[in-house]
Amino acid sequence: MRVSLDSSIEHIKGIGGERAKLISQVLGIFTLEDLLYFFPYKYLDKSRVYKVRDLGSLKEVSGVQLLGKILRLEEANQGKHRRLTAVFSDDTGSVELVWFKYSSWLIDKIPVHKELYVFGKVNYFNRKFSIAHPEIEFIENRKNSPALVPVYSGSEKLLKRGINAKFFEKIFHSLQNIIPSTVEENLPLYLREKLCLVSRSTAFQEVHFPRDRVTLHNAERRLKFDEAFFFQLRNGLKKKKHERYSVGHPMPSVGNSFNYFYKHVLPFSLTEAQKRVLREIRSDMKRPIQMNRLLQGDVGSGKTMVALLTMLIAIDNGFQCVLMAPTEILAQQHYHAISSLLKLSNVRIALLTGSTKSHERRAIGEQLLEGSLSIVVGTHALLEDNVRFKRLGLAIIDEQHRFGVAQRAKLWYKNKIPPHVLVMTATPIPRTLAMSYYSDLEISVIDELPMGRKPVITVHRKDKDKISVFRFALEEIKKGRQVYFVYPLVKESKALDYKNLREGFEYISDFFSPYNVTMLHGQMKAEEKERNMAYFASGEAQIMVATTVIEVGVNVPNASVMIIESAERFGLSQLHQLRGRVGRGIEQSFCILLTSDVLSGDARKRIKTLCETHDGFLISEVDMQLRGPGDILGTQQSGVIDFKKLDLIRDQVLIKISRDAVDYILKKDPELNHPEHGMIKKYYLKYYKEQQIWGKIS
Ligand code: ADP
Ligand code: MG
């Protein structure tokens, strides 16, 4: 029978029906193709032989190979527990080899005083190095075995049934002959030659049977390129389709609302970055094509003002706008800020959140429908079906990472012609990553903070120094400043965290008496939150004790001290966001990271990074190296960046190359109709064309 990629693995020599079933169940591998994509998770380098003497200084202990002799072999019998130990020695020292589970024939198979290789994970216990269940290999067998040995992730369940490393080695060996005839090329030769890419079948061969580091690297590079290329191709085609078919409201003019505001109300001059971004937005909005733009800007870079000016353009062209924020507090704050800036204009604005009373809600609904309201600011409540507009022309979503894809897409269906969309985020990510991740958004970046901002002085203090930190805060309060205390709140330890928060609140109230302390957390009713927030914003309360509900957007310029309790428990981007709550006024601000005395390596790195830099891009890059992009960008969309080999952070150069290649090809041959692009098209249609694309932005 001729084997194809779709053939069931039971037809592969050496597997058979029984084991095929088990492998499918446990590893989700059904076809030959699945098997080919079952990549080794690491490679053991058998070309390196270590000396016993050097074991103490090794970083990697899991794949250590030694060359020497077994001096003694001993069996210990303790009731049911048998074990076999051996003393293995090279000319620099000796280690112990141990077997806990073995059959008696093993004893006969292990030769004493014969030079051999042992291979395995080195443990250090009782001042002795040992290797449990080492692999043993005789020198004479070494000639045929590869230097780099792939390791596949298995499981207990499979191991018990004899599906182990040796098994996979055998299986993949039998694939060696099949690969060239089944794995089809998907990139034209001219491209491969130009970019020095090995063929696809070579790539699969080498990744499963690497000859050496170089061929392995080339194979991985090719597989990564494929992922990057087809991902970019899909984005490119989506964008082209959008350009061609999507309609949008053209907003050609800048009129009175904008001009009056710009000349007479705007309380400061815009930064160059704000101006540039605004030009980018304007040129999008002029076109009869829907705008899909992402505005990235660090905390405090002034995105709200850009949002407001953008809304004024839409209003000047006769359209209505929504501004959606992820929390009630933030929506309120936007509403108050914008209302006060627009109080001299005749632009009418309303606030719609979960706690808006139903009669008010009805009134707002009516005014939106008849068109007398120009701006509605709110939360998720805006997405409800009964919120309808006369002429919605612009939707702005603040802190977009807090919303799911489906939620955002809902805003589109409110109109026949979709509104222009501007999504804003203060989690800046590297440009290449942003372009991959937000694949069908255009991207604008505010990469400059308003003039005269003093960087927040950030320090790390241990819990034992808490009292002096509190005293420092007290001094600042006496100077008229305000202070935030933030406590962690994690799902897994919620009850305990709330307890800590409350106890912290009591303690702080006591310590700082007679100053006023207020509190904010997610379990409060909206009214209480609003009241407490207002109490702090007005300056009546000097201290705000809160959870991360204040992480996004909250703006109280007089607050100049941010004290984060158990800072080691926060993510890096989260700490950066929290720090962004201070440093908003003219005073020197401080951020104090309180941690326990002992920290893990990762926690130390997070704290150190935050103390050393204010650059949000750099911070998010470090964060992604620590946690992986999926965790930071939110799980809702992590499927989008689920690559097998490609790493969006480490492979930025390759991603850039793949994008250039896609641009080049689509420019020349937008429909991929040229014969030499046939293989690209075929592969694309099989694997990448989606049935349905969510909404219009991802
Ligand atoms: P973010 O980008 O984090 O949402 P905001 O829009 O809240 O930042 O702006 C932070 C603060 O900076 C606000 O108090 C805002 O009024 C102020 N601001 C914005 N743009 C400028 C500017 N060009 N010059 C001076 N202050 C500015
Ligand atoms: Mg903001």
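In the block above lies the structure referred to throughout.
Residues numbered from 1 in each chain as written. Chains lettered and ligands numbered in written order. Predicted model: local features only at pLDDT ≥ 70, side-chain atom pairs only at ≥ 80, totals over all residues. Heavy atoms only, no water.

Quick notes on the pattern of salt bridges
Then step 1. A full pass over the atoms with the stated rule returns 34 salt bridges.
Then step 2. Across the pair E220 and K645 runs a salt bridge, and its minimum N-O distance is 2.8 Å. Highlighted residues: E220 in helix α10 (residues 213-245) and K645 in the loop between α24 (629-633) and α25 (652-668), separated in sequence by 425 residues.
Then step 3. Among the salt bridges present, the one from D660 reaches K656, with a minimum N-O distance of 3.0 Å. You can see D660 and its partner K656 sitting in helix α25, four residues apart, about one turn around the helix.
Then step 4. A residue is classified by how much of its surface remains accessible, and D660, at 39% relative accessible area, is partly exposed.
Then step 5. Given a relative accessible area of 42%, K656 falls into the partly exposed group.
Then step 6. Residues joined in a network through salt bridges with shared partners are E185, R192, R200, R222 and D226. (Salt bridge = Lys/Arg side-chain N within 4 Å of Asp/Glu carboxyl O. Helix = DSSP H or I, 4+ residues; strand = E, 2+ residues; numbered from the N terminus. Buried < 20%, exposed > 50% of the residue type's maximum accessible area, 1.4 Å probe, protein only.)

Structural notes on the layout of surface pockets
Then step 1. In this structure, the second largest pocket spans a volume of roughly 920 Å³.
Then step 2. Contributing elements (two or more residues each) for the lining of the second largest pocket: α13 (303-316) and α14 (328-341).
Then step 3. At six residues, α14 tops the list of elements feeding residues into the lining of the second largest pocket.
Then step 4. A per-class count over the lining of the second largest pocket returns 15 nonpolar, 11 polar and eight charged. (1 Å grid on protein atoms, 1.4 Å probe; cavity = no way out; pocket = protein on both sides within 12 Å on 5 of 7 lines; lining within 4 Å. Points joined across faces, edges and corners; volume = space filled by probe spheres on them. Nonpolar A, V, L, I, M, F, W, Y, C, P; charged D, E, K, R; others polar.)

Regarding the pairing of strand β16 (residues 442-446)
Then step 1. Of all five residues making up β16, four are buried, and the element is well covered by its neighbours.
Then step 2. Here five bridges tie strand β10 (residues 292-297) to β16, and the two strands are oriented parallel to one another. Within the sheet, the bridge partner assigned to R293 lies in β16 and is E442. (Pairing = 2+ DSSP bridges.)

Section: the sheet that holds strand β18 (residues 482-486)
Then step 1. Ordered in space as β17-β22-β21-β18-β20-β19, the six strands form an open sheet in which the pairing is parallel. Each edge of the open sheet carries a strand with a single partner, namely β17 (457-462) and β19 (517-520). Looking at each pair of strands side by side, their axes are set apart by 20 degrees on average, direction ignored.
Then step 2. Sheet topology places β17 next to strand β22 (residues 590-595); six bridges connect them, and they run parallel. Pairing of K462 across the sheet is with T595, part of β22. (Axes fitted to C-alpha atoms, helices over the stretch in contact; angles between N-to-C directions.)

What about the nonpolar core?
As a rule of thumb, nonpolar side chains are buried together in soluble globular proteins.
Then step 1. In this structure, Y484 and F485 are the most contacted members of the largest nonpolar core, which totals 53 residues.
Then step 2. Setting aside residues up to four positions removed in sequence, Y484 forms contacts with F536, M544, I550, V554, V556, A559, V561, M562, I563, R581 and V582.
Then step 3. Counting 41 residues, the second-largest nonpolar core is a separate cluster that includes L270, L278, V306 and L394. (Core = buried A, V, L, I, M, F, W, Y, C linked by side-chain atoms within 4.5 Å. Contact = heavy atoms within 4.5 Å.)

Side note on the sheet that holds strand β14 (residues 392-397)
Then step 1. With respect to topology, seven strands assemble into an open sheet ordered β12-β13-β11-β14-β15-β10-β16, the strand pairing being parallel. Here the strands that pair on one side only, and so sit at the sheet edges, are β12 (349-352) and β16. Sheet twist, expressed as the mean angle between neighbouring strand axes with direction ignored, is 20 degrees.
Then step 2. Two elements, β12 and strand β13 (residues 375-378), share four bridges in a ladder whose sense is parallel. Note on β13: the bridge partner recorded for L351 is V377.
Then step 3. Set on the sheet, helix α15 (residues 358-370) makes contact with β11 (320-324), β12 and β13; between it and β12 the angle comes to about 135 degrees.

Re the environment of D91
Then step 1. Relative to the assigned elements, D91 resides in the loop between β3 (81-90) and β4 (93-99).
Then step 2. Residue D91 is classed as exposed on the basis of its relative accessible area, which comes to 67%.
Then step 3. Expressed as a C-alpha distance, the spacing of D91 and Y687, which sit 596 residues apart in the sequence, is 55 Å.

Points about the packing of helix α21 (residues 572-579) against helix α22 (residues 601-612)
Then step 1. One way to put it is that α21 packs onto α22 with a least axis distance of 10 Å and a crossing angle of 35 degrees. Like other packed secondary-structure pairs, α21 and α22 cross with a definite hand, here right-handed. Across the interface between the two elements, L572, L575, H576 and R579 of α21 pack against R606, T609 and L610 of α22.
Then step 2. Its residues assigned to classes, the contact of α21 with α22 comprises three nonpolar, two polar and two charged. (Left-handed = near helix turned anticlockwise from the far one by under 90°.)

Quick word on helix α9 (residues 200-208)
Then step 1. Burial of α9 is extensive: eight of the nine residues sit out of reach of the surface.
Then step 2. When we look at burial in α9, the residues that qualify are R200, S201, A203, F204, Q205, E206, V207 and H208.

So, the site of ligand 1
Then step 1. Neighbouring ligand 1 are 16 residues, the closest being Q274, G300, K303, T304 and R453.
Then step 2. R453 places a polar side-chain atom, nitrogen or oxygen, 2.6 Å from an oxygen atom of ligand 1.
Then step 3. Between ligand 1 and R584, the relevant distance is 3.3 Å, taken from an oxygen atom to a side-chain nitrogen or oxygen of the residue.
Then step 4. Cavity membership is defined here by more than half of the atoms lying within 2 Å of grid points; on that basis ligand 1 lies in the second largest pocket.
Then step 5. Taken together, the residues of the shell around ligand 1 sort by class into four nonpolar, eight polar and four charged. (Near = heavy atom within 4 Å. Polar contact = N/O pair within 3.5 Å; in protein donor to acceptor, adjacent residues only side chain to side chain. Sits in = over half its atoms within 2 Å of the grid points.)

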